[in-house]
Amino acid sequence: MKFLLLCGASLDSGCWLKTQYLGRSLQKAGHKVEYIKPILAKKFMLDYILSLFKYTFLSLFKRPDVIVGIKAYPNVTMPMLFHKLFGAYTVLDLDDLDYAYRDGLISFVSKAVQSPMPRFFDMVTYHNDNLKKHAVSYFKVNADKLYYLGQGVDFDVFDSELKFDKSELI
């Protein structure tokens, strides 16, 4: 199966790391994975606007079976909706509620642009019960579209010289 992964945040974010971890997991499962690489963070959060144009344009040349977006921002959700129209299965990972970490106008705008989109996708993933509750109550996602996708540490990124029992961390 062919996957296209889009990251809602910048190249220098934890969101991009999460996107790559998910892609590697899909590749290990035997799937073909493509990314449209995000751009570096810009002043005034302009990377969100610039990446909307980049993702939308470059995704026109892709034909994935499944398109996965990390975060419910328009830079990810707009290309996802386009591909849904042409038969791709759409998966949106809520990741976090970014607007809960900010105050004022930025929080308001972030919440406003994310809130209408999640309910339109085939599957919405979450990683904790609070996100699940919020997806149903605020984002109006049908519970049967929700899927738990746990977050974790990829121990392969650590130096193999480290001596500890991974099972103690779980």
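Residues numbered from 1 in each chain as written. Predicted model: local features only at pLDDT ≥ 70, side-chain atom pairs only at ≥ 80, totals over all residues. Heavy atoms only, no water.

Notes on the nonpolar core
Counting residues in each nonpolar core, the largest one holds 35 residues, and the members touching the most others are Phe 3, Leu 5, Leu 6, Val 68, Leu 92 and Leu 94. Among the elements of the structure, β1 (2–7), α1 (14–28), α2 (46–59), β3 (66–70), α3 (74–85), β4 (89–93), β5 (123–126) and α5 (129–137) are those that each provide at least two residues to this core. Of the residues forming this core, the biggest block, 5 residues, is contributed by β1. Apart from the residues lying within four places of it in its own chain, the contact partners of Leu 5 are Thr 19, Leu 22, Gly 23, Leu 26, Val 33, Glu 34, Tyr 35, Ile 36 and Val 68. (Core = buried A, V, L, I, M, F, W, Y, C linked by side-chain atoms within 4.5 Å. Buried < 20%, exposed > 50% of the residue type's maximum accessible area, 1.4 Å probe, protein only. Helix = DSSP H or I, 4+ residues; strand = E, 2+ residues; numbered from the N terminus. Contact = heavy atoms within 4.5 Å.)

Thoughts on the state of the cysteines
Enumeration according to the criterion identifies 0 disulfides in this entry. Unpaired in terms of disulfides, Cys 7 finds its nearest cysteine sulfur in Cys 15, a separation of 3.3 Å. For Cys 15, a relative accessible area of 6% translates into the label buried. (Disulfide = S-S within 2.5 Å.)

Some details on the packing of aromatic side chains
Per the stated rule, a full pass over the model turns up 6 aromatic pairs. Ring geometry for Trp 16 versus Tyr 35: centroids 5.6 Å apart, planes at 75 degrees, classification edge-to-face. Of this pair, Trp 16 sits in helix α1 while Tyr 35 sits in strand β2 (residues 32–35), and the two are 19 residues apart along the sequence. Take Trp 16: its relative accessible area is 10%, and that puts it in the buried class. Look at Tyr 35 and you get partly exposed, because its relative accessible area is 27%. (Phe/Tyr/Trp six-rings, centres within 6.5 Å; stacked < 30°, edge-to-face > 60°.)

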